[in-house]
Amino acid sequence: MPGDFVELTIASFIEALSPNLTKDEPTGFVQRKTAGVAVIFRNLDVEEEVLIIKRAEREDDPWSGQAAFPGGMVSTKDGSFEETARRETAEEVGIDLSKGAVFLGYMSDLKAGTRDIVVVPSVYKLVASAAVTLSGEVASYSWVPMRGLAGKEVRSTYLLHRGGWEIPFPSLVHRGLVIWGLTERILSAIILYSTNEGNGGLPGEAEL
């Protein structure tokens, strides 16, 4: 990743990110090949926080056990990726984004290379307090301060063990929560927009 994320040039992460969002659907809607996630911001005592869940261990979940944003595969009932993100958020954490949040737009879609799935992040800002009620798909959740993820001290490397190999991935570690893969890439892109190196786009190709 470029830089160590120590020089934030814009005070608000949402302010830096918003001009780079779009309300247009970023990619085609394909069953079993596309997914939507919800990047949910809240402001608490001036600190911008984002909702991160830890997925329960499940054989039918390609991101089982990982730190993630609420989200999942598109459904035939969904009319947009934003609807997918809203539906999955309600199902997984009990938050109704249609009532207590503003949809700010989509970030660029990104591909989970080893899964052959395209993921579209929908960005929201809460405008009312929201209680979290976890479903059986989610083990735990955290409201993570964005500024706390921007320092070089939280950056690390996660080693994925697969087929007898150790595959290194960039990661963010916050109070024992290890964030890597797609979630790390989305968060790192948001942070990058708030630095003097932020010029748009999600950095690199996603492996997971």
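Being a predicted model, the structure only gives us computed values, none of them experimental. Throughout this document, residue positions are counted from 1 along each chain, in the order its sequence is written. Per-residue local features are limited, in this predicted model, to residues with pLDDT of at least 70; the limit for side-chain atom pairs, both in listing and counting, is 80 or more; totals at the level of whole chains, interfaces and linings are taken over all residues. The basis for every side-chain value is the complete set of non-hydrogen atoms in the structure, without hydrogens or water.

A separate point is the packing of aromatic side chains. Two aromatic rings, drawn from Phe, Tyr or Trp (for Trp, its six-membered ring), form a pair once their centres lie within 6.5 Å of each other, and the interplanar angle then sorts them: stacked below 30 degrees, edge-to-face above 60, tilted otherwise. Across all of its chains, the model carries 5 aromatic pairs by this definition. Pairing F29 with F81 gives two aromatic rings, centres 4.9 Å apart and planes at 70°, and the pair type is edge-to-face. Linking F29 in the loop between α1 (13–17) and β1 (34–44) with F81 in helix α2 (residues 81–93), this pair joins segments that are 52 residues apart in sequence. Residue exposure (1.4 Å probe, protein chains only): buried if accessible area is under 20% of the type maximum, exposed if over 50%, otherwise partly exposed. Overall, the relative accessible area of 0% leaves F81 in the buried class. Runs of E in the DSSP output that reach at least two residues are strands. Runs of H or I that reach at least four are helices, and both are numbered from the N terminus.

Now for unusual backbone geometry. Residue R32 is not a glycine yet carries a positive backbone phi of 65°. Structurally, R32 can be placed in the loop between α1 and β1.

All right, on to the environment of H174 then. As for its position among the elements, H174 is in strand β10 (residues 165–174). With 20 residues separating them in the primary sequence, H174 and V154 have C-alpha atoms 6.6 Å apart. Two residues form a contact once any of their heavy atoms are found within 4.5 Å. Those residues in contact with H174, other than ones at most four positions away along the chain, are V144, P145 and L149.

Note: two strands are recorded as paired if DSSP finds a minimum of 2 bridges between them. Spatial ordering of the open sheet is given by β9-β10-β11, a layout of 3 strands whose pairing is antiparallel. Each edge of the sheet is formed by a strand with only one pairing partner; in this case those strands are β9 (155–162) and β11 (177–180). Strand-to-strand twist across the sheet, computed as the mean angle between neighbouring axes with direction ignored, equals 50°. Across 8 bridges, the pairing between β9 and β10 is antiparallel. From the neighbouring strand, R162 faces β10, where its bridge partner is W165. For every element, the axis is a line fit to its C-alpha atoms; helices are fit only across the contacting stretch, and the angle between N-to-C directions ranges from 0 to 180 degrees. Strand contacts of helix α5 (residues 181–193): β9, β10 and β11, with the helix running at about 80° to β11, the strand carrying the most contacts.

Residue placement: A189 occurs in helix α5. The spacing of A189 and M107 is 82 residues in sequence and 9.5 Å in space, taken between C-alpha atoms.

In terms of nonpolar packing, the biggest core is built from 34 residues, with F41, M146, L187 and I190 touching the most fellow members. Elements with a minimum of two residues in this core: α1, β1, β2 (47–55), β6 (110–112), β7 (117–126), α4 (146–149), β11 and α5. Excluding its chain neighbours within four sequence positions, the residues that come into contact with F41 are F13, I14, L17, E49, V123, Y124, K125, L126, M146 and I190. V74, F81, A101 and V132 belong to the second largest nonpolar core, which has 20 residues in total. By nonpolar core is meant a set of buried Ala, Val, Leu, Ile, Met, Phe, Trp, Tyr and Cys residues that side-chain atoms within 4.5 Å join together.

A word on α2. Side chains three or four residues apart in an α-helix point the same way, a direct result of the helix having 3.6 residues per turn. In this model α2 runs 18 Å from its N-terminal to its C-terminal C-alpha over 13 residues, within 8% of the 18 Å that 1.5 Å per residue would give. Listing the buried residues of α2 in full gives F81, E82, T84, A85, E88, T89, E92 and V93. Take α2 and look down its axis: the buried residues cluster within an arc of 155°, on one side only. The span one expects for a helix is its residue count, reduced by one, times 1.5 Å. Each direction from the helix axis to a C-beta atom contributes to the arc, which is the arc of those directions.

Below, the discussion takes up the confidence of the model for the protein chain. The predictor reports its confidence for every residue as pLDDT, a score running from 0 up to 100. On average, residues of the protein chain carry a pLDDT of 87, and 85% of them reach 70 or more. Long-range and interchain partners of residues 203–208, a stretch whose pLDDT sits below 50, account for 27 contacts in this model, where long-range means more than four residues apart.

All right, on to the pattern of salt bridges then. Basic side-chain nitrogens of Lys or Arg form a salt bridge, by our definition, when they fall within 4 Å of a carboxyl oxygen of Asp or Glu. Evaluation of the coordinates by the stated rule reveals 10 salt bridges. For D116, the salt bridge identified is with K33, shortest N-O distance 3.1 Å. Note that D116 is positioned in the loop between β6 and β7 and K33 in the loop between α1 and β1, a separation of 83 residues in sequence. You can call K33 partly exposed: its relative accessible area is 40%. Across the salt bridge formed by R42 and E49, the nearest N and O atoms sit 2.7 Å from each other.

Right, let's talk about α5 for a bit. Under the 1.5 Å per step criterion, the end-to-end length of α5 is 19 Å for 13 residues, consistent within 8% with the ideal 18 Å. The element α5 is largely enclosed, with a buried count of 13 among its 13 residues.

The next point concerns the environment of R185. Examined against the element boundaries, R185 turns out to sit in helix α5. Judged by relative accessible area, which is 8%, R185 ranks as buried. Expressed as a C-alpha distance, the spacing of R185 and P170, which sit 15 residues apart in the sequence, is 8.5 Å.

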